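Commentary on secondary and tertiary structure
Spelled out, the chains give:
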2 protein chains.
Amino acid sequence: MGEYVKVAVDAMGGDNAPAEIVKGAVEAIQENSKVKVYLVGNEDAMKKELAGYQYPEEQLMLVPASEVIETAEPPVMAIRKKKDSSLVKALYLVKDGTCDAYVSAGSSGATLVGGQVIVGRIKGVERPPLAPLIPTENGCALLVDCGANVDARPSHLVQFAKMGSIYMENIMGVRNPRVAIVNIGAEEEKGNALVKETFPLLKNCPDIHFIGSIEARDIPAGMADVIVCEAFVGNVILKLYEGVGGTLIKKVRNGMMSSLRSKIGAFLVKPALKETLKDFELEQYGGAPMLGLNGLVVKTHGSSKSVEIKNSILQCILFKEQKINEKIKEKISIQD
Amino acid sequence: MGEYVKVAVDAMGGDNAPAEIVKGAVEAIQENSKVKVYLVGNEDAMKKELAGYQYPEEQLMLVPASEVIETAEPPVMAIRKKKDSSLVKALYLVKDGTCDAYVSAGSSGATLVGGQVIVGRIKGVERPPLAPLIPTENGCALLVDCGANVDARPSHLVQFAKMGSIYMENIMGVRNPRVAIVNIGAEEEKGNALVKETFPLLKNCPDIHFIGSIEARDIPAGMADVIVCEAFVGNVILKLYEGVGGTLIKKVRNGMMSSLRSKIGAFLVKPALKETLKDFELEQYGGAPMLGLNGLVVKTHGSSKSVEIKNSILQCILFKEQKINEKIKEKISIQD
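Residues numbered from 1 in each chain as written. Chains lettered and ligands numbered in written order. Predicted model: local features only at pLDDT ≥ 70, side-chain atom pairs only at ≥ 80, totals over all residues. Heavy atoms only, no water.

Time to look at the overall build of chain A. In terms of helices and strands, chain A carries 11 helices and 11 strands. The globule rule puts the C-alpha radius of gyration for 336 residues at 20 Å, and the 21 Å found for chain A is close to it. Looking at chain A as a whole, 57% of its 336 residues qualify as buried. For chain A, contacts bridging at least 24 residues in sequence account for 71% of all contacts bridging at least 6. Approximately 13800 Å² of chain A is accessible, and the part contributed by carbon and sulfur atoms is 50%. (Helix = DSSP H or I, 4+ residues; strand = E, 2+ residues; numbered from the N terminus. Rg over C-alpha atoms; globule rule 2.2 N^0.38 Å. Buried < 20%, exposed > 50% of the residue type's maximum accessible area, 1.4 Å probe, protein only. Contact = heavy atoms within 4.5 Å. Areas by Shrake-Rupley, 256 points an atom, 1.4 Å probe, with all protein chains shown as cover.)

What follows is the structure, encoded as structure tokens:
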């Protein structure tokens, strides 16, 4: 068989580290023989977790790291000072070519900063965005950027659109993905200064299938495949998805428990409801890739359980096989 | 009895005009003897609608207007050219002191522009925001600004916070309302340029109870009473509320209809569920006031039915009785 897709996993990052991270890594190599995981973290802790599992040992490598970056630490300082942290060492494994990809449920700030300063940008990419998949009525859409570059410029958004299109086409199999810019009205003349400047650039970009503005109300309905916006707005969208979803489901649950009649009904609808609502959980989509770096950097939710870690590791295979970065290099260097 | 609260209602604005608007006006005067409605629009059409109702005639006045501003028309031009439109004539009734308030389900753009150029700002108010109530887990919160002033400056947001606090305290009865600024993290140093500049101004403002940043995920949970943000972000929040809510409820419904077992369950949970979910409908809160004008301007949803028109008319009573504008004048002129 060919060479492994090698993934550096920060075993110490996230609310459920190291137990769920190690478990997810084990599940990934149990499920797929193409991937090799480099688990980075406290060696004793990792070994203790691994003791309970059976797995193909040639697909797992332990890389000791003595420090941990906490979520609350200022990212730039943490990256600079904690050279022997699991997060920094895992990023260096990508930087030096040992690994193809990096997965962490740890500090978002440190991953975003480290992705840029340690792994580095593809030549021509101005700002690498964080691009999670979000659920829609009949599938999902890619939200670029959801938090990496606040106060972005129009040229950045055009690159987001190109990179997002490459991702949706090659990873999600969406042909000719529809690109839309988040706006407060459908008309071209609406919007803030950034959107007004960006709109004509997207309209005239030959590499993408631009369908115009999208109002936030139409995002969950699935009216576009690649949703372009500045990071502040993207972050609000991502988090409000979670918030409104969570509150509504709580309300549905309370409503069902409010009378004897409805309790009986709840018992009957529960299995069907669980199935339908699963499609709308952000967690099922694994981590968010940071696009445009010399290697793949994936940030998963801080609260990730093993299934999310496993999915994040496995998505790295397709990213490499589909040569996403080579395609980004081509598109970005030709036009910019 | 004392003087009426006089409300100019644009009978021709909105998807369901004039039928639902006229019906809402009739219901308002049937329900409350303190209010007098000035219905502005095509006289024949209004009379035809009114023919079917019994109502206290001294509380209704018809004001003929020959033109209608359509939703798609560019607002500034429409306001300037259609002097005999129902929307413009209704605004002039507030401007010249005939009425205390204005209610329209018509063009948002024309209402926002007309509110500023016809009704005019309270002295000292830099930008009048549009401030709808949005549902939360246990009540509601005021979102300022949801669409009036894109690319706002920090001083504008401080005024939004003050005016929003006055509204929540006096109209909704929330003592010492908690004010938060929408941000992408809880820490003071996070955010875009606007938020970073605004944060210390809010922190040092003696007139409000500032509790810091709020992430979008915590808005539906009800973590603040007054949610301050720039209009682009506010518009995204308002519309994503609608979008995620609508899509999720559709998914719940589909889930319930997916098997015989769940259909029976659905029949049993339906009444209880309807009751709980009602709290989470944006429509029940009536229209959004535009704060800081010399008079009250209320914009209701384009799709408003009579109940929303009625609620929007009735909320004008409290606005006048609680002397909201006098309180705004006091707070704004002292500090700014």
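From this point, things continue past the structure.
With that settled, the discussion passes to the side chain of Asn-192 of chain A. Its place among the elements puts Asn-192 of chain A in the loop between strand 7 (178-182) and helix 7 (193-203). Every residue in contact with Asn-192 of chain A, bar those within four places of it in the chain, is listed here: Val-150, Asp-151 and Phe-232 of chain B.

The next point concerns the packing of aromatic side chains. A complete count under the given rule lists 4 aromatic pairs over all chains for this structure. One residue, Arg-261 of chain A, lies across the ring of Phe-267 of chain B, its end atom 5.0 Å from the ring centre. (Phe/Tyr/Trp six-rings, centres within 6.5 Å; stacked < 30°, edge-to-face > 60°. Lys NZ or Arg CZ within 6 Å of the ring centre and 35° of its normal.)

Facing 52 residues of chain B, the contacting portion of chain A comprises 52 residues. Viewed at the interface, chain A and chain B are joined by 18 residue pairs in polar contact (both at pLDDT 80 or more). Broken down by secondary-structure element, the contributors of at least two residues to the side of chain B that touches chain A are helix 7 (193-203), helix 8 (231-256) and helix 9 (260-278) of chain B. By residue number, the principal contributor to the side of chain B that touches chain A is helix 8 of chain B, which donates 20 residues. Residue composition of the side of chain B that touches chain A, grouped by class: 29 nonpolar, 13 polar and 10 charged. (Polar contact = N/O pair within 3.5 Å; in protein donor to acceptor, adjacent residues only side chain to side chain. Nonpolar A, V, L, I, M, F, W, Y, C, P; charged D, E, K, R; others polar.)

A word on the relation of the copies chain B and chain A. For the pair chain B and chain A, the superposition axis carries a translation of 0.0 Å, the fit reaches an RMSD of 0.0 Å, and the rotation angle comes to 180°. What the superposition gives is, in effect, a two-fold axis relating one chain to the other. When C-alpha positions in chain B are compared against the rotation axis, the closest is assigned to Gly-265 of chain B, at 1.8 Å. Most of the interface of chain B is mirrored in chain A: 100% of its interface residues are interface residues there too. (Least-squares fit on C-alpha atoms with pLDDT ≥ 70 in both.)

Strand pairing in a sheet takes place through backbone hydrogen bonds and is either antiparallel or parallel in direction. All names here are of chain A. Read across the sheet, 5 strands follow the order 5-6-9-7-8 without closing on themselves; strand pairing throughout is mixed. Both edges of this open sheet fall to strand 5 (133-136) and strand 8 (209-214), since each of them pairs with a single strand only. Across the sheet, the axes of successive neighbouring strands diverge by a mean angle of 30°, strand direction being ignored. Bridge count between strand 5 and strand 6 (residues 139-144): 4 bridges; the pairing is antiparallel. Residue pairing for strand 6: Ile-134 is matched across the bridge by Ala-141. (Pairing = 2+ DSSP bridges. Axes fitted to C-alpha atoms, helices over the stretch in contact; angles between N-to-C directions.)

What is expected of a backbone is that most residues other than glycine have negative phi and most peptide bonds are trans. Each neighbour pair has its own omega, and for Val-144 of chain A with Asp-145 of chain A the value is 10°, a cis peptide bond. Here Asp-145 of chain A lies in the loop between strand 6 and helix 6 (154-170). The peptide bond linking Ala-17 of chain B to Pro-18 of chain B adopts the cis configuration, its omega dihedral lying at -5°. By the element assignment, Pro-18 of chain B lies in the loop between strand 1 (5-10) and helix 1 (19-31). Even without a glycine there, the phi angle at Asp-151 of chain A is positive, about 55°. Along the chain, Asp-151 of chain A falls in the loop between strand 6 and helix 6. A positive phi is found at Lys-323 of chain A, a non-glycine position, where the angle reads about 50°. Structurally, Lys-323 of chain A is set in the loop between helix 10 (306-321) and helix 11 (324-335).

As a further point, take the environment of Ile-328 of chain B. All names here are of chain B. Inspection of the secondary structure puts Ile-328 in helix 11 (residues 324-335). Taking relative accessible area as the criterion, Ile-328 reaches 0% and is therefore assigned buried. Spatially, the C-alpha atoms of Ile-328 and Ile-122 are 8.3 Å apart, while their sequence positions differ by 206 residues.

What follows deals with the pairing of strand 2 (residues 35-41) of chain A. Residue and element names in this part refer to chain A. Among the 7 residues of strand 2, 7 are classified as buried, and the element is accordingly described as predominantly covered. Where burial is concerned, the two faces of strand 2 agree: the one with Val-35, Val-37, Leu-39 and Gly-41 and the one with Lys-36, Tyr-38 and Val-40 are both buried. Relative to strand 2, strand 1 (residues 5-10) runs parallel, the two being bridged by 6 bridges. Bridge pairing in strand 2 places Ala-8 opposite Tyr-38. Each parallel crossover has a hand, and for strand 1 linked through helix 1 (residues 19-31) to strand 2 it is right-handed. Two strands pair when backbone bridges link them, and strand 2 and strand 3 (residues 60-64) are joined in this way by 5 bridges, in the parallel orientation. Of the residues in strand 3, the one forming a bridge with Val-37 is Leu-60. Handedness of the strand 2-helix 2 (residues 43-50)-strand 3 crossover: right-handed. (Right-handed = clockwise from strand over helix to strand, strands pointing away.)

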